[in-house]
Amino acid sequence: MSHPINEPILAYARGSQERIDIKSELDRQMNQVLEIPCIIGGKEVFTNNTVNQVIPHKHKHIIARVHLAGKDEMEAACNAAVAAQKSWIEIGLEERCAIFERCADLLAGEWRMRVNAATMLNQSKTVYQAEIDAACELIDFWRFNCHYARGFHDDFQPLVSPKGVLNTTEIRPLEGFVLSITPFNFASIAANLPSAPAIVGCTSVWKPSRNSYHSNYVLMQLMMEAGLPDGVINFLPGSGAEITETALSNPNFAGLHFTGSTGTFQGLWQEIGLALPKLKSYPRIVGETGGKDFVVAHPDCNHRGLLVALLRGSFEYQGQKCSAASRAYVPKSVWSIISDDLCAEIKKIKMGDACDFSNFMTAVIDQRSFDKITGYIDRAKNDPNCEIAVGGNYDDSVGWFVEPTIIVTSDHNSETMSEEIFGPVLTVYVYEDNDFENILKICDESSPYALTGSIFANDEVNIQKAFNALRFTAGNFYINDKPTGAVVAQQPFGGARASGTNDKAGGPLNLLRWISPRSVKRTLEIPQEWEYPFMESDN
Ligand code: NAD
């Protein structure tokens, strides 16, 4: 079966049509305040209990007023999802795929600028970061998920049907609704979490992050325009804790599709465990969570390649990718060669408004995040084992801006070498050149996470040493590249240990979690006798 191709990335170079289009769409969105309702059973619900959505790089500017769900809306959304499932199953896989492939076509075409501009303003992404996330990755999620879902029907049919029998497998969805709780940092992930289960016949209650209501609502509107039937996905801005409580009190809760931090996911898993006696089924729990992503360099490595990987891998999207490099183990000989150049290049990084295309970085997502990140920087400034090699300043007067920062530490167990910071902060531990094998062990043991990581080395023997020593240290492993930028259908994404259930979003393994097959035996030659041959007497 032929497969889709990855959506080509637009460059937005000076003079290009896409650059003209996105600028005019940014202007349009900057001059409106969108009123965002809940969407329940296909209907807009304005609760008048509202919060403002602001632009992180210009936090006095309001782009949306969001109507939050209360208890009644939460219950109604769960019920709407349950009510919609029967007809959603019965329209069949092909029609469901046709809807999501239409979503992909709309996003690749007339909705592209609207969604990208919303993501640039709502989540403070540069145009390129918005394009690779909100447009390309989501188009890929939708197209490849449909492709993979079609494959199940052939791949999972029983191998054997003896004479007189026809064995088949019905690829049934889970019975009930899936609760999709989504993170702020990728619009693509946010829309994928409710829609991946929907492709195989589940219905969803979608709780977006409070920091991405605006872009997520635009994506919800897109799906409705593509013909998503009422109630299949119910969009519910509001408190995660309350929505979870309501969902778990409904016996039809069938699964959780989560991406976000490790602490939140662990809490949710425990709550689901406690709710089990009230539920009809054992729910499926899929969660992709935090990371402490690493780069290990060998003394024999490509110096310029390492420098570029550290810069892009750590600071693109202000280090707010779950895959962002945030700890590096660099041999003394290499650090003495690259550190000045690396710091000089980082000082050239321009940071500011996402609408100014000369900026490589913009602001971090909110005050809470700003305070958390700057807390790590301040503690490092006061730690005798740490030195700020570059950056270290911050300013939240206009937007939540944190300079790209490198901390050099002499303690490979320092907090910034082991905890997720989720901001533009890279910590470097400089090791003795002959300590490579020990450093692999330290890298493996220093953090509870296991999401992404890279090895930089020229010699295949050293690459293989790292490959083997770091087998369980990263779910996505890179050789001579930055640890970010996974592409759907190329490097299926997800981590293990404290980084998640590693079900690889955008791939067939994830879709399989949302199905619960029914095995069907059809007897063509119906037995007419009840006695078996062994029962014949020997006499
Ligand atoms: P978060 O955990 O703060 O929030 C994620 C979602 O959970 C949000 O919708 C939030 O409202 C909700 N939530 C928070 N507390 C809740 C509660 N008590 N009950 C129910 N829902 C609750 O994470 P975030 O800041 O939005 O995203 C950043 C995190 O996501 C980072 O840790 C990052 O590593 C991780 N992430 C992981 C991946 C991956 O694929 N592994 C991808 C993207 C982001």
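Residues numbered from 1 in each chain as written. Predicted model: local features only at pLDDT ≥ 70, side-chain atom pairs only at ≥ 80, totals over all residues. Heavy atoms only, no water.

1. Observations concerning the pattern of salt bridges
Then step 1. Tallying each qualifying case throughout the model produces 25 salt bridges.
Then step 2. Residues Lys465 and Glu437 are paired through a salt bridge, measuring 2.9 Å at the closest nitrogen-oxygen approach. With Lys465 in helix α15 (residues 460-469) and Glu437 in helix α14 (residues 436-445), the pair connects residues that are 28 residues apart, well separated along the chain.
Then step 3. Across the pair Glu445 and Lys441 runs a salt bridge whose closest N-O atoms are separated by 3.3 Å. In this pair, Glu445 and Lys441 are both assigned in helix α14, four residues apart and thus about one turn of the helix distant.
Then step 4. Residue classification places Lys441 among the partly exposed residues on the basis of a relative accessible area of 48%.
Then step 5. Sharing partners across several salt bridges, the network here consists of Glu7, Asp105, Arg112, Glu131 and Arg143. (Salt bridge = Lys/Arg side-chain N within 4 Å of Asp/Glu carboxyl O. Helix = DSSP H or I, 4+ residues; strand = E, 2+ residues; numbered from the N terminus. Buried < 20%, exposed > 50% of the residue type's maximum accessible area, 1.4 Å probe, protein only.)

2. Some thoughts on the environment of Ile189
Then step 1. With respect to the helices, strands and loops of the structure, Ile189 is situated in helix α6 (residues 187-199).
Then step 2. Not counting chain neighbours up to four residues away, the residues in contact with Ile189 comprise Glu137, Phe141, Pro183 and Thr259. (Contact = heavy atoms within 4.5 Å.)

3. Some words on the confidence of the model for the protein chain
Interpretation of the predicted coordinates at a detailed level should be avoided for regions scoring low in pLDDT.
Then step 1. The pLDDT averaged across the protein chain works out to 97; a share of 100% of its residues lies at or above 70.
Then step 2. Here helix α5 (residues 127-155) stands out as the element of the protein chain with the lowest mean pLDDT, 94, in contrast to strand β9 (residues 233-235), whose mean of 99 is the highest. (pLDDT = per-residue confidence, 0-100.)

4. Brief notes about the domain arrangement of the protein chain
Then step 1. Domain annotation for the protein chain reports domain 1 (71-289 + 500-520) and domain 2 (293-479).
Then step 2. Distance between the C-alpha centres of domain 1 and domain 2: 32 Å.
Then step 3. Carbon and sulfur atoms make up 58% of the surface buried where domain 1 meets domain 2, a total of about 1600 Å² over both sides.
Then step 4. Looking only at domain 1, the three residues that lose the most surface to domain 2 are Ser124, Gln129 and Phe184, adding up to 27% of its buried area.
Then step 5. Joining domain 1 to domain 2, the criterion identifies one salt bridge.
Then step 6. Across the contact surface, domain 1 and domain 2 share nine residue pairs in polar contact (both at pLDDT 80 or more).
Then step 7. Of all the secondary structure elements, the ones that give two or more residues to the side of domain 1 that touches domain 2 are α4 (112-122) and α5.
Then step 8. Grouping the amino acids of the side of domain 1 that touches domain 2 by side-chain chemistry returns six nonpolar, nine polar and three charged. (Domains from an automatic or database assignment. Buried area = accessible area lost by both parts, 1.4 Å probe. Polar contact = N/O pair within 3.5 Å; in protein donor to acceptor, adjacent residues only side chain to side chain. Nonpolar A, V, L, I, M, F, W, Y, C, P; charged D, E, K, R; others polar.)

5. Considerations on unusual backbone geometry
Then step 1. With a phi angle near 60°, Asn480 is a residue other than glycine that sits in the positive phi range.
Then step 2. Following the sequence through the fold, Asn480 ends up in the loop between β21 (476-479) and β22 (496-497).
Then step 3. At Arg497, a position not held by glycine, the phi torsion is positive, near 45°.
Then step 4. Relative to the helices and strands, Arg497 resides in strand β22.
Then step 5. Relative accessible area serves as the criterion here: at 39%, Arg497 is assigned to the partly exposed category.

6. Description of the site of the ligand
Then step 1. Taken together, 27 residues are adjacent to the ligand, and Thr182, Ser261, Thr264, Thr289 and Glu420 come closest.
Then step 2. In this structure, an oxygen atom belonging to the ligand sits 2.6 Å away from a side-chain N or O atom of Ser261.
Then step 3. Protein burial of the ligand: of its 840 Å² of free accessible surface, 83% is covered by the chains.
Then step 4. For the shell around the ligand, the elements supplying multiple residues, two or more each, are α8 (240-248), β10 (253-259) and α9 (262-275).
Then step 5. If one sorts the elements of the shell around the ligand by residue count, α8 sits on top with three residues. (Near = heavy atom within 4 Å. Areas by Shrake-Rupley, 256 points an atom, 1.4 Å probe, with all protein chains shown as cover.)

7. Describing the sheet that holds strand β1 (residues 34-36)
Then step 1. Across the sheet, three strands lie side by side as β1-β5-β4; this open sheet has mixed pairing. Each edge of the open sheet is held by one strand with a lone partner, namely β1 and β4 (50-55). Ignoring which end each strand starts from, the neighbouring axes of this sheet average 40° apart.
Then step 2. One ladder, built from three bridges, connects β1 with strand β5 (residues 58-67); its direction is parallel. Note on β5: the bridge partner recorded for Glu35 is Arg65. (Pairing = 2+ DSSP bridges. Axes fitted to C-alpha atoms, helices over the stretch in contact; angles between N-to-C directions.)

8. Considerations on the nonpolar core
Then step 1. The biggest cluster of nonpolar side chains holds 59 residues, and the ones touching the most others in it are Phe100, Trp142 and Met223.
Then step 2. A per-element tally of this core places α5 first, with 10 residues.
Then step 3. Not counting residues up to four positions away in its chain, the partners in contact with Phe100 are Trp88, Trp142, Cys146, Ser195, Ala198, Ile199, Met223, Leu228 and Ile233.
Then step 4. With 26 residues, the next largest nonpolar core counts Leu311, Val334, Ile338 and Ile346 among its residues. (Core = buried A, V, L, I, M, F, W, Y, C linked by side-chain atoms within 4.5 Å.)

9. Notes on the sheet that holds strand β14 (residues 386-390)
Then step 1. Strand order in the open sheet made by the seven strands is β14-β17-β18-β13-β12-β20-β21, with mixed pairing throughout. Either end of the sheet is taken by a strand with one partner, and the two such strands are β14 and β21. Within this sheet the neighbouring strands show an average axis-to-axis angle of 20°, counted without direction.
Then step 2. Here strand β20 (residues 452-456) runs beside β21; their pairing, made up of four bridges, is parallel. When the bridges of β21 are listed, Gly453 appears paired with Phe477.
Then step 3. Helix α11 (residues 332-347) rests against β13 (325-331), β14, β17 (405-409) and β18 (425-431) of the sheet, and its axis sits at about 140° to β13.

10. Description of a nonpolar patch on the surface
Then step 1. A cluster of nonpolar side chains, contributed by Trp530, Tyr532, Phe534 and Met535, occupies part of the molecular surface with about 580 Å² of accessible area.
Then step 2. For Tyr532, the position within the fold is in the segment after β23 (518-523).
Then step 3. Residue classification places Tyr532 among the exposed positions, given a relative accessible area of 55%. (Patch = residues over 30% accessible without salt bridge, like charges linked within 9 Å, V, L, I, M, F, W, Y side chains within 5 Å.)

11. A closer look at helix α2 (residues 71-90)
Then step 1. Spanning 20 residues, α2 covers 30 Å between terminal C-alpha atoms, matching the ideal 28 Å at 1.5 Å per step.
Then step 2. The largest bend in α2 amounts to roughly 35° and is located at Ala84.
Then step 3. Taken together, the buried positions of α2 are Glu73, Met74, Ala77, Cys78, Ala80, Ala81, Ala84, Gln85 and Trp88.
Then step 4. A positive phi of about 90° marks Gly92, the residue just after α2. (Expected span 1.5 Å × (residues − 1). Bend = angle between axes of the 7 residues up to and from the residue.)

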